[in-house]
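Structural features, examined
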Amino acid sequence: MLAHDSNPHPRDPAASSPAVPTGHRLGAAAWAARALYWTSTLIVAYEMIAGGFWDLLRIEYVRVVMEHLGYPLYVLLIIGVWKIPCGAVLLLPRFLRVKEWAYTGALLNYAGAAASHILVGDRVGKWVAPLVFAAFTVTSWSLRPPERRLATGAAPPPPPRATWVVSIGLFAALVVVSLMTLPAGPPPP
């Protein structure tokens, strides 16, 4: 192949044919999957970070919910302390095994919240939200790009510094937004 030849597959006529839009379609699908991955990941990370702060600060909203569900308030400290790093690790590059644990913890958190509301006889409006967050968690997990998946082969190359900067910036922004949007008062009936 000549240096100026842009066709990586010189014997494949479909690779050089402008009438075959498969590359464009795959590019759009990959872009959509990446956008859905980041949207669902940001939603779960924000909910985990905000929820962790709500729990650790024991705001009235979560105190009322926990009392309604019959849990002692110290449970807020136990789950709250794990939610913030869960949200952080979902945003950061690397830490692939810890990322798997974070996804598992988030899913268990949401499944447990939904089950708790169902078991105390709450209406659908109280337990459907945790199931929606569980769906976002599964979506994020299933659409992870290859560099964010735990592989059995060779370790992936280290991410560029910009990836770390953006991830840490996102985490800091979500922390600020979480603290600025603390709900006042008890949850709506």
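Computed from a predicted model, the values in this text were never measured in an experiment.

**As for the side chain of serine 116**
Within the element layout of this structure, serine 116 appears in helix α5 (residues 96-119). Residue serine 116 is classed as buried on the basis of its relative accessible area, which comes to 9%. One polar contact links the side chain of serine 116 to the main-chain carbonyl oxygen of glycine 112, over a distance of 2.8 Å. Here serine 116 is in contact with Leu69 and Tyr71, once residues within four sequence places are set aside.

**Comments concerning the packing of aromatic side chains**
Counted according to the given criterion, the structure contains four aromatic pairs. With centroids separated by 5.0 Å and ring planes inclined at 75°, the aromatic side chains of tyrosine 37 and tryptophan 38 adopt a geometry described as edge-to-face. Among the residues examined, tyrosine 37 registers a relative accessible area of 0% and is labelled buried. The partly exposed category is assigned to tryptophan 38, whose relative accessible area is 24%. The interplanar angle of 25° and the centroid separation of 5.5 Å between the aromatic rings of tyrosine 110 and phenylalanine 133 together place this pair among those described as stacked.

**Describing the confidence of the model for the chain**
Put simply, the chain has an average pLDDT of 86, and 84% of its residues get 70 or more. Confidence scores differ between elements of the chain, with helix α1 (residues 13-16) showing the lowest mean pLDDT of 42 and helix α6 (residues 124-142) the highest of 97. Within the model, pLDDT remains below 50 along residues 1-24, and this stretch shows seven contacts once partners closer than five positions in the same chain are excluded.

Cut-off values and rules
- Residue indices begin from 1 for each chain and proceed along its sequence in written order.
- Selection of residues for local features in this predicted model requires a pLDDT of at least 70, selection of side-chain atom pairs for listing and counting requires 80 or more, and totals for whole chains, interfaces and linings are taken over all residues.
- Excluding hydrogens and water, the side-chain values take into account all heavy atoms of the structure.
- To qualify as a helix, a DSSP run of H or I must reach at least 4 residues; to qualify as a strand, a run of E must reach at least 2; elements of each kind are numbered from the N terminus.
- Exposure is judged per residue with a 1.4 Å probe applied to protein chains only, and the accessible area is read against the type maximum: over 50% gives exposed, under 20% gives buried, and values in between give partly exposed.
- The definition of a polar contact used here is a pair of N or O atoms within 3.5 Å, where within protein one atom must be able to donate a hydrogen and the other to accept one, and adjacent residues in sequence count solely through side-chain atom pairs.
- Residue contacts follow a heavy-atom distance rule, with two residues in contact if any of their heavy atoms lie within 4.5 Å.
- Aromatic rings from Phe, Tyr and Trp, taking only the six-membered ring of Trp, are treated as a pair when their centres fall within 6.5 Å; an angle between ring planes under 30 degrees marks them as stacked, one over 60 as edge-to-face, and anything in between as tilted.
- The predictor's confidence in any single residue is recorded as pLDDT, a number from 0 to 100.

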